Amino acid sequence: MTRHHLTDTELLALQFDQRRDGDVHAHVAACATCQARGQAVTELLDDVTRATAEESDGLFGNDLLARQHARIMGRVAHECRSARIISFPAAPPAPVRPVRGGTRWVAAAVAAGVILGIVGEHVTQRIARSHPVRSFQVPAVQVAVDPGVTVRAVSTGSDDDFYGQVELAFGSAAPAALRPLDVLTPRVSDVRE
Amino acid sequence: MAMNRLPRRAETTDPRGSVRPVLSKESEIAGAIKALVVAGQRDAARERFGELVARQQRRALRIAYQYLRDVHDADEAVQDAFVKVFTHITSYREELPFEVWFTRILVNGCLDLRKARARRLRWALPMSSQADTPPPEPVAPRTNAEARLISAQRTQTIGTAIGRLPNRQREVFTLCHIAEQTTAEVSRALGLSEATVRVHLFRAVRKLRALLRDEEALA
């Protein structure tokens, strides 16, 4: 055997390259040292193959593969859907239909109704101003309480008076203006007396 | 001693005397899909495509995971690659192995994703000052806990060693060793000369050996 031992590069080339000359193969077949070195490289690469396959196969289980397959097919189906054809240039706008006679009558009736409503409201307001609003007496409030408790019955006079007081009270920020309301409101202590 | 690790693809001689590889089952299916798409039978093409996906899915995930080291990114890259294959099936050349064409699409997608991820991380605040530590292993359910316990240490060691390889060496090694492509196919896929691919591959294996030797010595 005249050939020297294979270099590391030649050993690796044996692993990956299919087109080595016969001389190299013949040497490896005859040389125990190169065989052992080559075997070490083979084992290393086998380890790498096993480890990488185990790693990725452990991460991507069968269920994940099935889901991924379904997603891919869904995306492909979506991509394959035929596109909607948009006409270009755009289609001409639909012709405007002539207004029919019946529609005109309906529009005139609606307009007349609106005018009548406005006029009627004005007339009603005028009549209301010429006749003042009748006031009515609010009956005295009788609170049902226990026989032993005395309750003051409160009468507020006419509506105008009452509303006037309320407006006065709300119109001014002074606390004194709220007193009439305060007087009208029965207190808990009064009820208990 | 059977030393050659690459799958020796069968070859045939055509009437003109040129040697061509016998096409795989995947290549046949891809050719049939292309014919169906060209004929306008897209539903039938989709059915055949499902078969093709099922045959190549696991291999594609192994490659993508080696590139990206992230379960979700690998899943996304594989999905995108298959969708691209279907949408561009008319540009597939039937006389070439489908695996080479598909791997090229997949690898390009992985590289794009990696670039996008790097851009994202450039703007993200670092969570820790340990920039040199390898990325954390993704968490995913495992089926066989016992087997995992047995091989976890070795797997982690090898995974770390592969992760420490320079990018180009890792790419070449992944394609040659995990995607089981010849150096000629890898050179076409990566746009490198075959000699360059071989140099990267040898360096990768040599470095891997050294790294694993160091790890074992430390252990």
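Treat the numbers as computed from the prediction; the structure is a model and nothing was measured. (Residues numbered from 1 in each chain as written. Chains lettered and ligands numbered in written order. Predicted model: local features only at pLDDT ≥ 70, side-chain atom pairs only at ≥ 80, totals over all residues.)

### Side note on the overall build of chain A
- Regarding its fold elements, chain A presents eight helices and zero strands.
- Starting at the N terminus and ending at the C terminus, chain A contains elements arranged as α-α-α-α-α-α-α-α.
- Looking at chain A residue by residue over its 193 residues, the buried ones come to 12%.
- Within chain A, counting contacts between residues at least 6 apart in sequence, those at least 24 apart form 47% of the total. (Helix = DSSP H or I, 4+ residues; strand = E, 2+ residues; numbered from the N terminus. Buried ≥ 20, exposed ≤ 12 C-beta atoms within 10 Å, placed from the backbone. Contact = placed C-beta atoms within 7 Å.)

### Quick word on the overall build of chain B
- What chain B contains, in helices and strands, is eight helices and two strands.
- Along its sequence from the N terminus, chain B presents helices and strands in the succession β-β-α-α-α-α-α-α-α-α.
- Out of the 219 residues belonging to chain B, those deemed buried represent 34%.

### Here we look at the interface of chain B and chain A
- With 49 residues of chain B at the contact, the number on the chain A side is 39 residues.
- When contributions to the side of chain B that touches chain A are tallied by element, the ones reaching two or more residues are α2 (42-68), α3 (71-87), α5 (145-163), α6 (167-178) and α8 (194-218) of chain B.
- Tallying contributions element by element places α2(B) first for the side of chain B that touches chain A, with 12 residues.
- Per-class residue counts for the side of chain B that touches chain A are 24 nonpolar, 13 polar and 12 charged. (Nonpolar A, V, L, I, M, F, W, Y, C, P; charged D, E, K, R; others polar.)

### Some thoughts on the packing of helix α3 (residues 32-59) of chain A against α2(B)
- Taken N-terminus to C-terminus, the directions of α3(A) and α2(B) make an angle of 100°; their axes are 10 Å apart at the nearest point. With respect to each other, α3(A) and α2(B) are oriented roughly perpendicular. Contact residues: A:Thr52, A:Ala53, A:Ser56 and A:Leu59 in α3(A); B:Leu61, B:Arg62, B:Tyr65 and B:Gln66 in α2(B).
- For the contact of α3(A) with α2(B), a count of residues per class yields four nonpolar, three polar and one charged. (Axes fitted to C-alpha atoms, helices over the stretch in contact; angles between N-to-C directions. Parallel < 35°, antiparallel > 145°, perpendicular 65-115°, else oblique.)

### So, helix α4 (residues 62-80) of chain A
- With 19 residues, α4(A) extends 27 Å between its outermost C-alpha atoms, agreeing within 8% with the 27 Å of an ideal straight helix rising 1.5 Å per residue.
- Among all positions of α4(A), only A:Gln68, A:Ile72 and A:Val76 are buried. On an axial view of α4(A), the arc spanned by its buried residues comes to 75°, and they lie on one face. When the buried face of α4(A) is taken as reference, the exposed residues oriented beyond 90 degrees from it are A:Asp63, A:Ala66, A:Arg67, A:Ala70, A:Gly74 and A:His78.
- In the core, the buried residues of α4(A) are packed alongside α2 and α3 of chain B. (Expected span 1.5 Å × (residues − 1). Arc of directions from axis to C-beta.)

### Here we look at the environment of B:Arg69
- Along the chain, B:Arg69 turns up in the loop between α2 and α3.
- For the pair formed by B:Arg69 and B:Arg114, sequence separation is 45 residues and the distance between their alpha carbons is 10.0 Å.

### Some remarks on the nonpolar core
- Core analysis: the largest hydrophobic core is formed by 61 residues, its most contacted members being B:Ala64, B:Ala77, B:Val78, B:Ala81, B:Leu106, B:Val172 and B:Leu201.
- The dominant element in this core, judged by the number of residues it contributes, is α2(B), at 11 residues.
- Those residues in contact with B:Val78, other than ones at most four positions away along the chain, are A:Gln68, B:Gln57, B:Ala60, B:Leu61, B:Ala64 and B:Leu106. (Core = buried A, V, L, I, M, F, W, Y, C linked by C-beta atoms within 7 Å.)

### Description of the environment of A:Thr52
- Among the secondary structure elements, A:Thr52 is positioned in helix α3.
- On the neighbour-count criterion, A:Thr52 (21 C-beta atoms within 10 Å) is buried.
- Each residue touching A:Thr52, except ones within four places of it in the same chain, is listed here: B:Arg62, B:Gln66 and B:Ile178.

### Notes on the confidence of the model for chain B
Residue and element names in this part refer to chain B.
- Of the residues in chain B, 74% reach a pLDDT of 70 or more, and the chain-wide mean stands at 79.
- Between the elements of chain B, mean pLDDT differs from a low of 56, seen in strand β1 (residues 11-13), to a high of 94, seen in α3.
- Reported confidences for the modelled complex are a pTM of 0.57 and an ipTM of 0.71. (pLDDT = per-residue confidence, 0-100.)

### A look at unusual backbone geometry
- In this structure, B:Arg69 takes a positive phi of about 55° despite not being glycine.
- Its 19 C-beta neighbours within 10 Å are what place B:Arg69 among the partly exposed residues.

### Some points on the confidence of the model for chain A
- Per-residue confidence for chain A gives a mean pLDDT of 74; residues scoring 70 or more make up 64%.
- Mean pLDDT across the elements of chain A ranges from a minimum in helix α8 (residues 188-192) of chain A, with 69, to a maximum in α4(A), with 90.

### Here's the deal with helix α4 (residues 98-123) of chain B
Residue and element names in this part refer to chain B.
- The terminal C-alpha atoms of α4, which comprises 26 residues, lie 38 Å apart, in line with the 38 Å expected from a rise of 1.5 Å per residue.
- Within α4, burial applies to Phe98, Glu99, Trp101, Phe102, Thr103, Leu106, Val107, Gly109 and Cys110.
- Among the structural elements, α1 (25-38), α2, α3, α6 and α7 (183-190) are those in contact with the buried residues of α4.

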